[in-house]
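# Structure assessment
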Amino acid sequence: NAGVTQTPKFQVLKTGQSMTLQCAQDMNHNSMYWYRQDPGMGLRLIYYSASEGTTDKGEVPNGYNVSRLNKREFSLRLESAAPSQTSVYFCASSEEAVALHFGNGTRLTVT
Amino acid sequence: GNSVTQMEGPVTLSEEAFLTINCTYTATGYPSLFWYVQYPGEGLQLLLKATKADDKGSNKGFEATYRKETTSFHLEKGSVQVSDSAVYFCALTTISGNTPLVFGKGTRLSVIA
């Protein structure tokens, strides 16, 4: 079982560049999430999608946009990357808000 | 709002030692409580959960009891192994309103042989 798949695994950007982080799940879950993980800060929710066609802001949405392309896919876009967005990004999915299934993360460095 | 506070690490223990990682919470409504574990280079995995007061979640020798009176969900294991070295996250959600999980900051555990 693939579960939650994130691409790419690693990325280095220059300040001002844009990129999209991809996430796909094969568990037929309704809800999907994007978190960022920073040292000493734990996981902070960026955006989530409770169901196909809906998205909502989390704790730290500034500088990001999301698209719930279909039930399987939920992408995260950085329009103009900043060094403060250097982080590890995790996508997750679940049925309702219980028992999230996480991908293995994307490590992003912005120089 | 909802929040989770867990003890700061890192925690370093010898193999076969007893482990406690403290977690307390504040929540509106009736929360469900979780412990997640993150092994190096991986995403988080659900370790155990409890959905109502006095429930005990358990898995892989780890246990945690949902204590409403003390708003706590401390993680315990009687005898840790080197393979338990990881980062542990306490989390909660309130099912009413289908709110996303809120995580604590994580506690790094290192177990030495």
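Scroll up for the structure.
Let me begin by describing the structure that accompanies this report. This one's a predicted model, so the numbers in the text were calculated from it and none came from an experiment.

Looking now at the overall build of chain B. When you go through chain B residue by residue, the secondary structure sums to zero helices and twelve strands. Along the chain direction, N to C, the helices and strands of chain B fall in the order β-β-β-β-β-β-β-β-β-β-β-β. Here chain B has a C-alpha radius of gyration of 14 Å; the compact-globule value for 113 residues is 13 Å, and the two agree. Expressed as a percentage of the 113 residues in chain B, the buried residues total 44%. Intrachain contacts of chain B at a sequence separation of at least 6 include 56% that bridge at least 24 residues. Carbon together with sulfur atoms contributes 49% to the accessible area of chain B, which is approximately 5,300 Å² in total. In chain B, the 9 positive side-chain charges and the 10 negative ones have mean positions that sit 7 Å from each other.

Computed from the structure, the largest pocket encloses a volume of approximately 1,000 Å³. What lines the largest pocket is a set of 43 residues, and nearest its centre among them are Gln37, Asp38 and Gly42 of chain A together with Gln38 and Phe89 of chain B. The element best represented in the lining of the largest pocket is strand E5 (residues 42–49) of chain A, accounting for four residues. By residue class, the composition of the lining of the largest pocket is 18 nonpolar, 16 polar and nine charged.

Glancing now at the interface of chain B and chain A. On the chain A side, the residues contacting the 19 residues of chain B number 19 residues. In this structure, the connection of chain B to chain A is made through zero salt bridges. Where chain B touches chain A, the interface holds four residue pairs in polar contact (both at pLDDT 80 or more). For the side of chain B that touches chain A, the secondary structure elements donating two or more residues are strand E5 (31–38), strand E6 (44–50) and strand E10 (86–94) of chain B.

Criteria and thresholds
Residues numbered from 1 in each chain as written. Chains lettered and ligands numbered in written order. Predicted model: local features only at pLDDT ≥ 70, side-chain atom pairs only at ≥ 80, totals over all residues. Heavy atoms only, no water. Helix = DSSP H or I, 4+ residues; strand = E, 2+ residues; numbered from the N terminus. Rg over C-alpha atoms; globule rule 2.2 N^0.38 Å. Buried < 20%, exposed > 50% of the residue type's maximum accessible area, 1.4 Å probe, protein only. Contact = heavy atoms within 4.5 Å. Areas by Shrake-Rupley, 256 points an atom, 1.4 Å probe, with all protein chains shown as cover. Lys, Arg positive; Asp, Glu negative; His and termini not counted. Charge placed at Lys NZ, Arg CZ, Asp CG, Glu CD. 1 Å grid on protein atoms, 1.4 Å probe; cavity = no way out; pocket = protein on both sides within 12 Å on 5 of 7 lines; lining within 4 Å. Points joined across faces, edges and corners; volume = space filled by probe spheres on them. Nonpolar A, V, L, I, M, F, W, Y, C, P; charged D, E, K, R; others polar. Salt bridge = Lys/Arg side-chain N within 4 Å of Asp/Glu carboxyl O. Polar contact = N/O pair within 3.5 Å; in protein donor to acceptor, adjacent residues only side chain to side chain.

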